[in-house]
Amino acid sequence: MKILLCGGVFALLLLTACEDTKTKEYYLDHPDEIASDLAECQKSGKNTYNCNQATLAQYQLKPKVAPAP
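Not measured: the values here are computed from a predicted model. (Residues numbered from 1 in each chain as written. Predicted model: local features only at pLDDT ≥ 70, side-chain atom pairs only at ≥ 80, totals over all residues. Heavy atoms only, no water.)

K.L.:
So what's going on with the overall build of the protein? Residues and values would help.
P.N.:
From N to C terminus, the protein includes 4 helices and 0 strands. Secondary structure elements of the protein, listed N to C terminal, follow the sequence α-α-α-α. For the protein, restricting intrachain contacts to residue pairs at least 6 apart in sequence, the fraction spanning at least 24 positions comes to 62%. Element-wise, carbon and sulfur atoms account for 65% of the exposed surface of the protein, whose accessible area totals about 5800 Å². (Helix = DSSP H or I, 4+ residues; strand = E, 2+ residues; numbered from the N terminus. Contact = heavy atoms within 4.5 Å. Areas by Shrake-Rupley, 256 points an atom, 1.4 Å probe, with all protein chains shown as cover.)

Printed below as a string of C-alpha coordinates:
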(Lines give C-alpha, C1' and ligand atoms only; values in the text may rest on other atoms or scores of the structure.)
Protein backbone atom coordinates (compact mmCIF):
# COMPACT_ATOMS: atom_id res chain seq x y z
CA MET A 1 0.00 0.00 0.00
CA LYS A 2 2.82 2.39 0.86
CA ILE A 3 4.51 1.69 -2.46
CA LEU A 4 1.30 2.48 -4.33
CA LEU A 5 0.85 5.72 -2.40
CA CYS A 6 4.47 6.78 -3.00
CA GLY A 7 4.17 5.91 -6.68
CA GLY A 8 1.00 8.01 -6.96
CA VAL A 9 2.65 11.00 -5.29
CA PHE A 10 5.69 10.65 -7.55
CA ALA A 11 3.50 10.48 -10.66
CA LEU A 12 1.61 13.59 -9.54
CA LEU A 13 4.87 15.49 -9.06
CA LEU A 14 6.06 14.49 -12.52
CA LEU A 15 2.84 15.65 -14.13
CA THR A 16 2.89 19.05 -12.42
CA ALA A 17 6.55 19.63 -13.29
CA CYS A 18 5.98 19.32 -17.04
CA GLU A 19 5.81 23.05 -17.71
CA ASP A 20 7.63 24.10 -20.86
CA THR A 21 10.40 26.18 -19.30
CA LYS A 22 11.81 29.20 -21.08
CA THR A 23 15.08 30.91 -20.24
CA LYS A 24 15.83 34.61 -20.08
CA GLU A 25 17.69 34.23 -23.36
CA TYR A 26 14.56 32.75 -24.94
CA TYR A 27 12.55 35.80 -23.87
CA LEU A 28 15.28 38.14 -25.13
CA ASP A 29 15.00 36.42 -28.52
CA HIS A 30 11.16 36.50 -28.37
CA PRO A 31 10.30 39.81 -26.65
CA ASP A 32 6.73 39.69 -27.94
CA GLU A 33 6.02 36.80 -25.55
CA ILE A 34 7.13 38.64 -22.42
CA ALA A 35 3.98 40.70 -21.93
CA SER A 36 1.58 37.81 -22.53
CA ASP A 37 3.47 35.45 -20.23
CA LEU A 38 3.74 38.07 -17.47
CA ALA A 39 0.00 38.75 -17.80
CA GLU A 40 -0.62 35.03 -17.32
CA CYS A 41 1.63 35.09 -14.25
CA GLN A 42 -0.40 37.95 -12.79
CA LYS A 43 -3.68 36.23 -13.61
CA SER A 44 -2.67 32.89 -12.08
CA GLY A 45 -0.83 34.40 -9.12
CA LYS A 46 1.94 31.85 -9.54
CA ASN A 47 5.64 32.64 -9.30
CA THR A 48 7.06 30.07 -11.71
CA TYR A 49 10.47 29.79 -13.33
CA ASN A 50 9.03 31.25 -16.54
CA CYS A 51 7.61 34.22 -14.65
CA ASN A 52 11.01 34.94 -13.14
CA GLN A 53 12.83 34.58 -16.44
CA ALA A 54 10.32 36.82 -18.27
CA THR A 55 10.72 39.47 -15.57
CA LEU A 56 14.52 39.35 -15.85
CA ALA A 57 14.33 39.71 -19.63
CA GLN A 58 11.86 42.58 -19.33
CA TYR A 59 14.23 44.50 -17.05
CA GLN A 60 17.18 43.80 -19.32
CA LEU A 61 15.28 45.12 -22.35
CA LYS A 62 14.18 48.34 -20.65
CA PRO A 63 16.11 51.33 -21.96
CA LYS A 64 18.54 52.71 -19.42
CA VAL A 65 17.86 56.36 -18.76
CA ALA A 66 20.66 58.45 -17.32
CA PRO A 67 19.65 60.64 -14.39
CA ALA A 68 19.42 64.35 -15.15
CA PRO A 69 22.34 66.37 -13.78
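K.L.:
Give a detailed account of helix α3 (residues 32-44), specifying residues and quantitative values.
P.N.:
If you check which residues of α3 are buried, you get I34, D37, L38 and C41. When α3 is viewed along its axis, its buried side chains cluster within an angular range of 100° and face the same direction. Turned more than 90 degrees away from the buried face of α3, the exposed residues are D32, A35 and K43. Where α3 is buried, its residues contact α2 (24-29) and α4 (49-61). After α3 finishes, the residue G45 shows a positive phi value of roughly 75°. (Buried < 20%, exposed > 50% of the residue type's maximum accessible area, 1.4 Å probe, protein only. Arc of directions from axis to C-beta.)

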